[in-house]
Amino acid sequence: MTLIDARSAGAGPDRPAAADPSLAIATAGLAKRFRGGQLAVDHIDLAVPVGSVYGFLGPNGSGKTTTIRMLLGLIHPSGGSFTVLGASGADGIDAALPRVGALVEGPAFYPFLTGRQNLARCDAADRTADLGTSRARIDHALEQVGLLAAADKRYRAYSLGMKQRLGIASGLLRPRDLMILDEPTNGLDPQGTREIRTLIRQIAAAGTTVFVSSHLLAEVEQICSHVGVMSTGRLVFQGTMADLRGRGERRIAIHTAEPDRAAKVLADLGLAGAGVAGQDVTAVLGEHAPEAINAELVRAGVPVAGLATVRPSLEDLFVQLTGEGFDVNG
Amino acid sequence: MSTDSAVQTGRPAVTAAPAPVRHWLRLLRSELRIVFVRPRNLAMLGVLAVAPVFLGFALWVNTPQPGAGGGNSGAAALIGQVAENGVFLALLAIFVLMTLILPLAIAVVSGDALAGEAGLGTLRTLLTVPAGRVRLLATKYVVIVIFSLVASALVAIVGLIMGALLFPIGPVTLLSGASVPLIDGLARLAMIVIYVATALAALGAIGIALSTFTQHALAVMATMLVVVVVSQILDAVSQVAVIHPYLPTHFWLAFDALLRTPIDWTQIWHGLASFAVYAVIFGAVAVARIRRANISS
């Protein structure tokens, strides 16, 4: 997976999304301008590999939900193209949707029906579901999300976490190749968040590609293999989690009783951005080998008490990418 | 496909219907269940059932003189007949409820159909299943048609039962003066129920078209009631007589033609044609709209 900077990818609005079988979701120049003239999604090129757990990250209002709605055929794009599991475009997407489980912008069910009745209704709308196994499949989905015991309670009596889990259960009514989950942990307490995370891991372990949107960094970091970062409608980063971690400039940090001499040595070696804070000196490591720097410091007689290479935290990277403060803990 | 699933589950293929039909019937059943278990709709049907009871007791306590209404048409003519024959209570109930309460019931169901689902968010759930946009719309309209029939029949049946309990039942004296056997009278009542249900189904087409434009069920209901009331007012203003035949409510009460001999079928066919035109036009609007609509609720 190579790093793609969406801004430099330069996709024309009419370039078709490649029907690459290794991608569960592919978009090319996908855009949505709402009637108010506001560009909610600004020509993004998503590439979600089959088998990945793809974290779709960005602050609230950055265009994540609009993108998801386009991928599911709920909203017609105003530009670009998209392919989901080989089916293209808002009009053709219904062909792929039976293989896609989806939870869009929170669960939505009938309050006066029980959890089981609500799932039965979802299943009844499915024109390709196996009619004979409906009951068994509904029970299985309820069991997977741990709602079997509460299956016959009215939806209105469910807690927020149970509602979210019922939403996920509706996506599990039949085996899926792709799950699209929009903010599945929104509004949940830490316990509920952990439950959903475990559930997503289980779904992914069964071989389903998972596309999960979130504004919570910690959530994505723990479960995702790939990440796309949205900011004000644009995809500002896309790649593997490792790509993202590797994106920050590695710095060297030296703890020493003679920081000024150490800083001079680093500058002489050609390291940029040297800074001194108390007994700590840091500089951008670049292509230099830390051990060579250590040897040079020792040769110059700098007493090195500690030496480490450090990367910026993911949080720092996100702030760099999106230009805004992330709500790290929800 | 269909035989496969039957074999897998060990169940005999009950019907020979192809899979798309059986899947659609399942969706229809599910939609019907939603409409007929929703507390609000049950309350609405309750009101429809109670109205003929009220009406019956009111006329029983204060029995009008036979032919008291004096008029040859409208509610007055029907009221005069009730004391002589309980069958007319059913007709009177339909006549009275057709002015507002029956249309209101259809407005409630039409508003819920798509706008209500959009407001609740369940529309996005159904469409991502995928239920199919036009398929879902068509199913919902079929449910509205069935609901129209159930609502009209409910009023007629409760009216008939109350009429039989409180008043004599026998050969039916028609508005034109001739008397027909009871069974003939009941057949005419059944035809009236179907006629009224068709009128309501046409109103339902207007409703489901409105329902594709908003996510506020209440807005749909209010608009429909405004349409009904304004249409009825215009229909009563003789200065605009030229537009009367084109008003959606103009033929709603034309079923009194079925209470005369010989039956003036022209009036009935005009009415049914008017309902069909409304249903087709607004059905087309609804289909065009649902296909293009951005579901952002």
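Everything below is about the structure printed above this text.
Described below are features of the structure shown in this document. (Residues numbered from 1 in each chain as written. Chains lettered and ligands numbered in written order. Predicted model: local features only at pLDDT ≥ 70, side-chain atom pairs only at ≥ 80, totals over all residues. Heavy atoms only, no water.)

This part covers the overall build of chain A. What chain A contains, in helices and strands, is 12 helices and 15 strands. For chain A, the C-alpha atoms occupy an extent of roughly 80 × 45 × 35 Å along the three principal directions. Going through the 330 residues of chain A one by one, you find that 53% of them count as buried. In chain A, the proportion of contacts linking residues at least 24 apart, taken out of those at least 6 apart, comes to 68%. For chain A, the accessible area works out to roughly 13,700 Å², and carbon and sulfur atoms hold 50% of it. (Helix = DSSP H or I, 4+ residues; strand = E, 2+ residues; numbered from the N terminus. Buried < 20%, exposed > 50% of the residue type's maximum accessible area, 1.4 Å probe, protein only. Contact = heavy atoms within 4.5 Å. Areas by Shrake-Rupley, 256 points an atom, 1.4 Å probe, with all protein chains shown as cover.)

Time to look at the sheet that holds strand β7 (residues 100-103) of chain A. Residues and elements named next belong to chain A. Ordered in space as β7-β8-β9-β4-β10-β11, the 6 strands form an open sheet in which the pairing is mixed. The outermost strands of the open sheet, each flanked by one partner alone, are β7 and β11 (234-240). Adjacent strand axes in the sheet meet at a mean angle of 10 degrees when their direction is disregarded. Strand direction decides the pairing type here: strand β4 (residues 53-57) and strand β10 (residues 226-231), joined by 4 bridges, are parallel. Note that in β10 the partner of L57 across the bridge is V229. Lying over the sheet, helix α2 (residues 64-71) contacts β4, β8 (178-182), β9 (209-214) and β10, oriented at roughly 145 degrees with respect to β9. Together, β7 and β8 form the strand contacts of helix α6 (residues 160-171), whose direction differs from that of β7 by roughly 160 degrees. (Pairing = 2+ DSSP bridges. Axes fitted to C-alpha atoms, helices over the stretch in contact; angles between N-to-C directions.)

Another point: the interface of chain B and chain A. Taken together, the contact pairs 37 residues of chain B with 38 residues of chain A. In total, about 3,200 Å² of surface goes out of reach between chain B and chain A, with carbon and sulfur atoms giving 56% of it. Of all residues in chain B, the largest losses of buried area upon contact with chain A belong to B:R26, B:R124 and B:T128, amounting jointly to 20% of the total for that side. Inspection of the chain B/chain A interface yields 3 salt bridges. (Buried area = accessible area lost by both parts, 1.4 Å probe. Salt bridge = Lys/Arg side-chain N within 4 Å of Asp/Glu carboxyl O.)

So, on to the pattern of salt bridges. Residue and element names in this part refer to chain A. Counted according to the given criterion, the structure contains 22 salt bridges over all chains. With a closest N to O distance of 2.5 Å, E258 and R261 form a salt bridge. Under the relative-accessibility criterion, E258 is labelled partly exposed at 30%. Exposure remark for R261: the relative accessible area of 36% places this residue in the partly exposed category.

It is worth spelling out the packing of aromatic side chains at this point. As enumerated under the stated definition, the model contains 11 aromatic pairs over all chains in all. Residues B:F36 and B:F147 carry aromatic rings whose centres are separated by 5.6 Å and whose planes lie at 40 degrees to one another, so their mutual orientation is tilted. With B:F36 in helix α2 (residues 19-37) and B:F147 in helix α8 (residues 133-166), the pair connects residues that are 111 residues apart, well separated along the chain. Residue B:F36 is classed as partly exposed on the basis of its relative accessible area of 25%. Three or more aromatic residues joined by ring pairs make a cluster, and in this case those are A:Y54, A:F56 and A:F211. The lysine or arginine in question, A:K163, covers the ring of A:Y155, its NZ or CZ lying 5.3 Å from the ring centre. (Phe/Tyr/Trp six-rings, centres within 6.5 Å; stacked < 30°, edge-to-face > 60°. Lys NZ or Arg CZ within 6 Å of the ring centre and 35° of its normal.)

Turning next to the pairing of strand β14 (residues 280-284) of chain A. Residue and element names in this part refer to chain A. The sheet contact formed by strand β12 (residues 251-256) and β14 spans 5 bridges and is antiparallel. Considered in β14, the bridge of H255 is made with D280. Inspection of the sheet shows strand β13 (residues 275-277) paired to β14 by 3 bridges, in the antiparallel sense. Bridge pairing in β14 places V276 opposite V281. Counted along the chain from β13 to the antiparallel partner β14, the turn is 2 residues long, and its residue G278 has a positive phi close to 65 degrees.

What follows is about the sheet that holds β13(A). Residues and elements named next belong to chain A. Read from one edge of the open sheet, 4 strands run β13-β14-β12-β15, paired in antiparallel fashion. Each of the sheet's edge strands pairs with one partner strand only, and the pair in question is β13 and β15 (304-310). Sheet twist, expressed as the mean angle between neighbouring strand axes with direction ignored, is 20 degrees. Its contacts with the sheet place helix α10 (residues 259-269) against β12, β13 and β14, and it is angled at close to 15 degrees to β14. The sheet strands contacting helix α11 (residues 290-299) are β12 and β15, and the helix crosses β15 at an angle near 155 degrees.

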